[in-house]
Amino acid sequence: MEKKRDIVTMDHGGGGRAARDLIERCFLSRFDNPYLNRMDDSAVVTLGTDRLAITTDSYVVDPIFFPGGDIGSLAVHGTVNDLSVQGARPVFLSAAFILEEGFDLADLERVLDAMAESTRRAEVSIVAGDTKVVPRGRCDKVYINTTGVGLVEDGVHVSGSNAQINDRLILSGSAGDHGIAVLSQREGLRFDTELVSDSAPLNRLVGEILSGTPAVHAMRDPTRGGVAASLNEIANQSNVGIVIREAAIPVKEGVRSACEILGLDPLYVANEGKILVFVGPEDAPQVLETIRRNPLGREAQIIGEVVSTHPGQVVMKTMVGGTRIVDMPLGEQLPRIC
Ligand code: MG
């Protein structure tokens, strides 16, 4: 009998365990180096006397326009945010476009207008780019790749592997807004409340946090796989346990009821304008106050802490008084969300 060939599946794109396995098996094994192996949101490299953060991301969101954003602004925000959560100040971006033959030029210009507006808001410049066109049906309208470069100030050492026992864990706002907004637009679902993506650049908020408290240990923007995936990554990278309280996690009423109808858990749904911050207990009140003063962080909460028990595991105290393990998602419950 012929051996079944391994193939790429949708689960490999989910930002969960399957994606991690693919990256380790096919990519890390070949490109092995200490910067890449850290598996942070950005690599931090030293060039001359400067520490630079570098990151890259591709955007294939469907539909390309959704409540609260579009593929162009998302491609700026996502990359700006991956630099920001590394403690870097984003400076330059590149942007590469794969366009489908037949794609409406008016839609392309609308995407580019949104992208330009986002670069102004985030105070970054697109300094290099590329365009390719493929025949009709060989891609879907437009895919965008953005690479970002930022500067890391002296004294800032933020990494997913740097969470410390007793750290407080702050979430800057409600969970699941982006994924639910994109999904409901794509599926034409109607809910009582309007569901809007939280897509936004976080660099100003992170700058405010770091200028008050440079000793932040870890940050992450909980995108694909949601808060659950990001917390599992950090529990693993830092080899610590994390305890969160369900009652403390902000979830918008509309998102909660949409999730109930769709059978989704908001903890696993993508965000594009939220941040998780790990900071020592003595600094946590000030960081929380700083975040809440920013319009993007008004609903911030301390949602949990880092513990020495159950290293590598995330445990949630539920609203009904029980505890449950918050697992790393396996694969993709919501494909093409970013
Ligand atoms: Mg990220």
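Everything that follows concerns the structure shown earlier in this document.
Residues numbered from 1 in each chain as written. Predicted model: local features only at pLDDT ≥ 70, side-chain atom pairs only at ≥ 80, totals over all residues. Heavy atoms only, no water.

So, on to the packing of aromatic side chains. In this structure the tally under the stated criterion is one aromatic pair. Taken together, a centroid distance of 6.5 Å and an interplanar angle of 50° make the contact between Phe27 and Phe31 tilted. Of this pair, Phe27 and Phe31 both sit in helix H1 (residues 17-31), separated by four residues, roughly a single helical turn. A cation over a ring is seen here: Arg110 above Phe65, with NZ or CZ 3.6 Å from the ring centre. (Phe/Tyr/Trp six-rings, centres within 6.5 Å; stacked < 30°, edge-to-face > 60°. Helix = DSSP H or I, 4+ residues; strand = E, 2+ residues; numbered from the N terminus. Lys NZ or Arg CZ within 6 Å of the ring centre and 35° of its normal.)

Once that is clear, we can look at the sheet that holds strand S11 (residues 276-279). With mixed pairing, seven strands are arranged side by side in an open sheet as S9-S11-S8-S12-S10-S13-S14. The open sheet has two free edges, formed respectively by strand S9 (218-220) and strand S14 (323-325), since each of these has just one partner strand. Strand after strand, the sheet turns through a mean of 25° between neighbouring axes, direction not considered. In terms of strand pairing, strand S10 (residues 241-245) meets strand S12 (residues 301-307) through four bridges, oriented antiparallel. Bridge pairing in S12 links Ile242 to Val306. (Pairing = 2+ DSSP bridges. Axes fitted to C-alpha atoms, helices over the stretch in contact; angles between N-to-C directions.)

Each protein donor to the magnesium ion is listed here as Asp41 (OD), Asp82 (OD) and Asp221 (OD); together their distances run 2.1 to 2.3 Å. Positions of the donor residues of the magnesium ion, expressed as sequence spacing, correspond to D-x40-D-x138-D. Within this pair, whereas Asp41 is found in the loop between helix H2 (34-37) and strand S1 (43-47), its partner Asp221 is found in the loop between S9 and helix H7 (226-238), the two being separated by 180 residues in sequence. Assigned by exposure class, Asp41 and Asp221 land together as buried. (Donors = N, O, S within 2.8 Å, 3.2 Å for Na, K, Ca; no water. Buried < 20%, exposed > 50% of the residue type's maximum accessible area, 1.4 Å probe, protein only.)

Note that every value here comes from positions in space, so none of it alone points to a role or purpose.
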